[in-house]
Amino acid sequence: MSYIEPHAHMVSRTTDDYEKLALAGCEALCEPAFWAGFDRSSPQAFHDYFRQLTEVEPARAAKFAIRHFCWLCINPKEADDPGFAREVMTLLPDFLDKPNVLGIGEIGLNKNTRNELAIFEEHVQLALDRGLPVLIHTPHLEDKLKGTRIMLDSLANFSGLDPSMVIIDHVEEHTVRMVLDAGHWAGMTLYPESKCTPSRAIDILETEGLERIWMNSACDWGVSDPLAVPRCMLEMKRRGYSRETIRKVAFDNPRDFLSASTNFNLDI
Amino acid sequence: MPTRKELLDMQFIDARARVIDVAAFLDRIDRHPGDGEEPRLKALRRALPILLSDSPGRAKAVLEALSDTSDVMPESAAFQGATGAPPASEPA
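Scoring rules and cut-offs
- Residues numbered from 1 in each chain as written.
- Chains lettered and ligands numbered in written order.
- Predicted model: local features only at pLDDT ≥ 70, side-chain atom pairs only at ≥ 80, totals over all residues.
- Helix = DSSP H or I, 4+ residues; strand = E, 2+ residues; numbered from the N terminus.
- Rg over C-alpha atoms; globule rule 2.2 N^0.38 Å.
- Buried ≥ 20, exposed ≤ 12 C-beta atoms within 10 Å, placed from the backbone.
- Contact = placed C-beta atoms within 7 Å.
- Core = buried A, V, L, I, M, F, W, Y, C linked by C-beta atoms within 7 Å.
- Axes fitted to C-alpha atoms, helices over the stretch in contact; angles between N-to-C directions.
- Parallel < 35°, antiparallel > 145°, perpendicular 65-115°, else oblique.
- Left-handed = near helix turned anticlockwise from the far one by under 90°.
- Pairing = 2+ DSSP bridges.
- pLDDT = per-residue confidence, 0-100.
- Right-handed = clockwise from strand over helix to strand, strands pointing away.

This next bit is on the overall build of chain B. Counting its regular elements, chain B contains 3 helices and 0 strands. When the elements of chain B are put in sequence order from the N terminus, they spell out α-α-α. For 92 residues, the compact-globule estimate of 2.2 N^0.38 gives 12 Å, and the C-alpha radius of gyration of chain B, at 17 Å, exceeds that figure by more than 25%. With the C-alpha coordinates aligned to their principal axes, the bounding extent of chain B is approximately 50 × 35 × 25 Å. Of all 92 residues assigned to chain B, the portion counted as buried reaches 9%. Put simply, of all contacts in chain B between residues at least 6 apart along the chain, 35% involve residues at least 24 apart.

Given below as C-alpha cells:
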C-alpha cells in the first residue's frame, strides 16, 4: 500500500534504505533539518547541510522513484547558542525558495531554555512572514511535557498564525490531546525505545481519533527503523483496521497537511 | 476491532515478557553496588503502582510521572540530553 514518510533523516541513512522504503510503498518522504549528532563547528557547515537537503537527497531519492521534500531551520539543540543560531538563520533565505522546501522545521525546544525559545519564536515569525507551514520538534523524555506546554503557549501569542499550518511532532499519550485541542496537527514518531511503539500509536488513534494526525519513523543516526511506518500499517491491519482507515493515516493525512506548502506535489 | 481475547492472544506474551524484564531489572539494580535511590529509580518506583490502577489512561499517567513538571526555565541548558526522569529536585 502506498504511504508517505513525513519525517525521515535520510542524510544519516544508506542508499539501501531508500530501496527498502520504495519496496515498502513509500511514494514521498520529508526530511526536516536536525542535529547531526554533534554540534557543527561553524554556521557555514549549515550551508553545506542545506545543499545536501535541497540538492543531494532529492537526487538520491529520485533513483528509487521517491519524491523528496525537506524542512529548513537550525535545530533546537544548536539553537541554545543564539548568536550562532542567528548566523545560521541568515542562510535560510538563500534556500527557502528551492523547489523541494516545504517550510520551517524541525524547530522547537530541547532543554526548554529561554535561548531555545527565542530562536523558536524567530523561526515561527519567519514562517509567518513567508506564509510557510511549520514542523515542530518536542523535547525528549522527561522534557517533553513541559516543552510542549511552553511552545503551545508561545504559538498562541502569534495572532496571525493559523494553527492548522503547524504540526507538532513526537507526541505521546500525555501531549497529544493538548496539541489537537490547540488546533494543530500532531505527529507520532515510531521508535523502538522511546516515543511511540506501533501498538501505542494505534491506541492513540483509537482514543484520540483519526483527524489531524500522522505517523512517522523519524529514522536517523540513532536507534530507529526506516520501515516503522509500514510496520505500523501492518499492525493496524492485524488489529482489524480497513484499508481505507490505514490509508487515511499513512497517506491521506500527511498529504493533506503537506499540501499547505505550494511545493508539495506527488507527481514525479 | 479485535475482541479482548483476540488482543490477549496477540499481545499477552509480549506484555508478560516486558513485566518480567522490569522485575529482573529491579532485582539487578538491588544486586549491584552503588546508591540505591537515585532520581531515575525513584521515578520508576513512583510510576509502577500506576500499572495497577483500574482507571484508563495508565500510559499517560506513567509518562506524567516520568516528566519534569517544574516551572523553571533556565537561560541556557546546563547539559544536553535527557535522562528519562524528572530532575532530582522534584518531590518523590
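So, about the nonpolar core. Counting residues in each nonpolar core, the largest one holds 80 residues, and the members touching the most others are Leu29, Trp71, Leu72, Ile104, Met188 and Ala201 of chain A. A total of 6 residues in this core trace back to one element, the largest contributor, which is helix 4 (residues 114–130) of chain A. Not counting residues within four places of it along the chain, the set of residues in contact with isoleucine 104 of chain A comprises Trp71, Leu72, Cys73, His123, Leu126, Ala127, Leu132 and Val134 of chain A. One finds Ala43, Leu63, Leu66 and Ala85 of chain B within the second-largest nonpolar core, a separate group that totals 5 residues.

It is worth spelling out the packing of helix 7 (residues 198–208) of chain A against helix 8 (residues 228–238) of chain A at this point. All names here are of chain A. Direction vectors running N to C along helix 7 and helix 8 enclose 60°, while the axes themselves pass 9 Å from each other. Taken together, the axes of helix 7 and helix 8 are oblique relative to one another. Taken as a pair, helix 7 and helix 8 cross one another with a handedness that is right-handed. Across the interface between the two elements, Pro198, Ser199, Ala201 and Ile202 of helix 7 pack against Arg231, Cys232, Glu235 and Met236 of helix 8.

With that settled, consider the interface of chain A and chain B. Listed per partner, the contact involves 23 residues of chain A and 23 residues of chain B. Elements with a contribution of two residues or more to the side of chain A that touches chain B: helix 4, helix 5 (144–156) and helix 7 of chain A. A per-element tally of the side of chain A that touches chain B places helix 5 of chain A first, with 3 residues.

This part is about the environment of tryptophan 221 of chain A. Residue and element names in this part refer to chain A. Within the secondary structure, tryptophan 221 is located in the loop between strand 8 (213–216) and helix 8. Overall, tryptophan 221 belongs to the partly exposed group, with 14 C-beta atoms counted inside 10 Å. Put simply, tryptophan 221 and methionine 188 are 33 residues apart on the chain and 19 Å apart in space, counted from C-alpha to C-alpha. Sequence-distant contacts of tryptophan 221, that is, excluding residues within four places in its chain, are made with Ser12 and Gly37.

What follows deals with the sheet that holds strand 2 (residues 26–32) of chain A. All names here are of chain A. Taken together, the 8 strands give an open sheet; going across it, the order is 1-2-3-4-5-6-7-8, and neighbouring strands pair in parallel fashion. Lying at the two open borders of the sheet, with one neighbouring strand each, are strand 1 (3–5) and strand 8. Across the sheet, the mean angle separating the axes of adjacent strands is 25° when strand polarity is ignored. By the bridge criterion, 3 bridges tie strand 5 (residues 134–137) to strand 6 (residues 166–168) in an arrangement that is parallel. Residue pairing in the sheet places isoleucine 136 in a bridge with isoleucine 168 of strand 6.

To continue, consider the confidence of the model for chain B. Low pLDDT marks stretches whose predicted atomic positions should not be read closely. Residues and elements named next belong to chain B. When the pLDDT values of chain B are averaged, the result is 92; 95% of them are 70 or greater. Mean pLDDT per element in chain B: helix 2 (residues 39–47) is the minimum at 93, and helix 3 (residues 58–65) is the maximum at 97. Quick note on the complex model: pTM equals 0.96, ipTM equals 0.95.

What follows concerns the pairing of strand 5 of chain A. Side-chain direction in a regular strand flips from residue to residue, so the side chains alternate between the two faces of the sheet. Residue and element names in this part refer to chain A. Neither face of strand 5 is exposed, since Val134 and Ile136 on one face and Leu135 and His137 on the opposite face are all buried. Following the chain from strand 4 (residues 101–108) across helix 4 to the adjacent parallel strand 5, one finds a crossover that is right-handed. What joins strand 5 to strand 6 is helix 5, and the crossover it makes is right-handed.

All names here are of chain A. Buried residues dominate strand 4, accounting for 8 of its 8 residues. In this sheet, strand 4 lies alongside strand 3 (residues 67–72) in parallel orientation, the contact comprising 3 bridges. The partner of cysteine 70 across the bridge, within strand 4, is valine 101. Two strands pair when backbone bridges link them, and strand 4 and strand 5 are joined in this way by 4 bridges, in the parallel orientation. For isoleucine 107, the partnering residue across the bridge sits in strand 5 and is isoleucine 136.

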